[in-house]
Amino acid sequence: LQPKMSRSNMTDPLKLTKRLLSEKEAATYLGRSLWAVREMRYAGKLSFIKDGKRVLFDVLDLNDWIEKSKIQFAR
């Protein structure tokens, strides 16, 4: 898995990692199946980039989805 990418380290070329992921890579990154990621995309839960026939996911958007999906329990 890739290190967590933030907007602040996007300007440092030494910290730059692959930002756009294929559907299969996004599924691995999220720990979900390929079909689960496709269903999330079809449902509008995940933003994506369409380049011709290619569907790509921005790591920053995936990280945002993870953060927004967290549920905090009060102790």
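In the block above lies the structure referred to throughout.
Description of the structure in this document. These numbers come from a predicted model, not from an experiment.

This part is about the packing of helix α1 (residues 23-30) against helix α3 (residues 59-69). Two numbers describe how α1 lies on α3: the axes approach to 11 Å, and their chain directions differ by 35°. Where α1 crosses over α3, the handedness of that crossing is right-handed. Along the contact surface, α1 presents Ala-26, Tyr-29 and Leu-30, while α3 presents Val-59, Leu-62, Asn-63, Trp-65 and Ile-66. Tallied by class, the residues present in the contact of α1 with α3 amount to 7 nonpolar, 1 polar and no charged.

With that settled, the discussion passes to the packing of aromatic side chains. The final tally for this structure, using the stated rule, is 0 aromatic pairs. It is Arg-38 that lies over the ring of Trp-35; its NZ or CZ is 4.7 Å from the centre. Between the NZ or CZ atom of Arg-41 and the centre of the ring of Phe-48, over which it lies, the distance is 5.1 Å.

Basis of the calculations
Residues numbered from 1 in each chain as written. Predicted model: local features only at pLDDT ≥ 70, side-chain atom pairs only at ≥ 80, totals over all residues. Heavy atoms only, no water. Axes fitted to C-alpha atoms, helices over the stretch in contact; angles between N-to-C directions. Helix = DSSP H or I, 4+ residues; strand = E, 2+ residues; numbered from the N terminus. Left-handed = near helix turned anticlockwise from the far one by under 90°. Contact = heavy atoms within 4.5 Å. Nonpolar A, V, L, I, M, F, W, Y, C, P; charged D, E, K, R; others polar. Phe/Tyr/Trp six-rings, centres within 6.5 Å; stacked < 30°, edge-to-face > 60°. Lys NZ or Arg CZ within 6 Å of the ring centre and 35° of its normal.

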